Amino acid sequence: MDKIIIIKNIFTTDQRKKFLNDGSSYLVDWNKKTNNGYYPGKQTNPYLHLNPKFKFYYDSIIKKVSEKTKLSLKINKAWINWTNGKKNDIAWHTHQCDIACVYYMKTFPFFSNGTLFRDGFIKAPQNSLLIFPAHLEHTAPSSPLRFGRYTSGMDLNINR
């Protein structure tokens, strides 16, 4: 896969809100926990997809991504992020997998509704999924307003 894809309307409003509510209780400030200042905002552990509470959500996402890309995929890692647009939370990175994706659980239009790539900002509305080649360097965007942005990141590998 060599292009960026957006899939809209992933869950119903009630499903999205439940995913957000259940997932946000697992968020950790890893900078305080590890004292190394490496992690922007808050994140869950990277194996949330193995928690039975989240099986429905990640099974639904992987099915939609596989249908759209025509690839047989499996989730390697999945986690939830919270950021609020602080400039010092800019953390350029890539993923060590075949395909990366971001599900936008809760965003604020015009400021946190997408992902910043080195080549520019890609807008993606709340309740959508952004799928992209994992080697593309990206980060959560900064914002002049401090709204909480909740996303779920996923590392996907092609079944070979």
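Check the entry above for the structure.
Keep in mind that what you see is a predicted model, and the values were worked out from it rather than measured. (Residues numbered from 1 in each chain as written. Predicted model: local features only at pLDDT ≥ 70, side-chain atom pairs only at ≥ 80, totals over all residues. Heavy atoms only, no water.)

S.K.: When you look at the side chain of Ser152 in this model, what are you seeing that I'm missing?
M.R.: With respect to the helices and strands, the residue Ser152 is situated in strand β9 (residues 149-158). We classify Ser152 as buried; its relative accessible area is 0%. Reaching out from Ser152, the side chain makes a polar contact with the backbone oxygen of Trp79 at a distance of 2.9 Å. (Helix = DSSP H or I, 4+ residues; strand = E, 2+ residues; numbered from the N terminus. Buried < 20%, exposed > 50% of the residue type's maximum accessible area, 1.4 Å probe, protein only. Polar contact = N/O pair within 3.5 Å; in protein donor to acceptor, adjacent residues only side chain to side chain.)

S.K.: Looking at this structure, I do not really get the packing of aromatic side chains. What am I missing?
M.R.: Each aromatic ring pair is specified by the distance between its two centres and by the angle formed by the two planes. Here the structure, examined in full by the defined rule, presents 11 aromatic pairs. When the centroid spacing of 5.4 Å and the interplanar angle of 80° are considered together, the rings of Phe11 and Tyr57 count as edge-to-face. Of this pair, Phe11 sits in the loop between β1 (5-7) and α1 (13-24) while Tyr57 is found in helix α3 (residues 55-69), placing the two residues 46 residues apart along the sequence. With a relative accessible area of 6%, Phe11 lands in the buried category. Taken together, a centroid distance of 5.3 Å and an interplanar angle of 75° make the contact between Phe56 and Tyr57 edge-to-face. Take Tyr57: its relative accessible area is 5%, and that puts it in the buried class. Joined through ring pairs, the aromatic side chains of Phe11, Phe19, Tyr26, Phe54, Phe56, Tyr57, Tyr58 and Tyr103 make up one cluster. Above the plane of the ring of Trp92 lies Arg118, whose end atom (NZ or CZ) is 3.8 Å from the centre. (Phe/Tyr/Trp six-rings, centres within 6.5 Å; stacked < 30°, edge-to-face > 60°. Lys NZ or Arg CZ within 6 Å of the ring centre and 35° of its normal.)

S.K.: When you look at the environment of Met1 in this model, what are you seeing that I'm missing?
M.R.: Structurally, Met1 can be placed in the segment before β1. Its relative accessible area of 34% is what places Met1 among the partly exposed residues. For the pair Met1 and Phe132, spaced 131 residues apart in the sequence, the C-alpha separation amounts to 7.7 Å. Among residues more than four places away in sequence, those in contact with Met1 are Thr69, Leu71, Ile99, Ile131, Phe132 and Pro133. (Contact = heavy atoms within 4.5 Å.)

S.K.: In this structure, what is going on with unusual backbone geometry? I would like to understand it.
M.R.: In terms of backbone geometry, most residues other than glycine have negative phi values and most peptide bonds are trans. In this structure, Asn9 takes a positive phi of about 55° despite not being glycine. Along the chain, Asn9 turns up in the loop between β1 and α1. With a phi angle near 60°, Lys70 is a residue other than glycine that sits in the positive phi range. Within the fold, Lys70 resides in the loop between α3 and β3 (73-83). By relative accessible area, Lys70 is classed as exposed at 71%.

S.K.: Whenever I open this one, the environment of Leu129 confuses me. Can you help?
M.R.: In this fold, Leu129 is placed in strand β7 (residues 129-133). The class for Leu129 is buried, based on a relative accessible area of 0%. Sequence separation between Leu129 and Val102 is 27 residues; the distance between their C-alpha atoms is 5.6 Å. Not counting the four nearest positions on each side in its chain, Leu129 is found in contact with Ile5, Ile6, Ile7, Ile10, Ile61, Val65, Cys101, Val102, Tyr103 and Met154.

S.K.: Just checking my understanding: could you explain the pattern of salt bridges for this structure?
M.R.: Opposite charge on two side chains permits them to pair, given that their charged atoms come into close proximity. This structure, assessed with the given rule, holds 4 salt bridges. With a shortest N-O distance of 2.5 Å, Lys55 and Asp59 are connected by a salt bridge. Of the two residues, Lys55 and Asp59 both sit in helix α3, 4 residues apart, roughly one turn of that helix. Among the residues examined, Asp59 registers a relative accessible area of 37% and is labelled partly exposed. Linking Asp98 and Arg160 is a salt bridge whose minimum nitrogen-to-oxygen distance equals 2.9 Å. Separated by 62 residues along the polypeptide, Asp98 in the loop between β3 and β4 (99-106) and Arg160 in the segment after β9 bring together distant segments of the chain. On the accessibility criterion, Asp98 (24% relative accessible area) is partly exposed. (Salt bridge = Lys/Arg side-chain N within 4 Å of Asp/Glu carboxyl O.)

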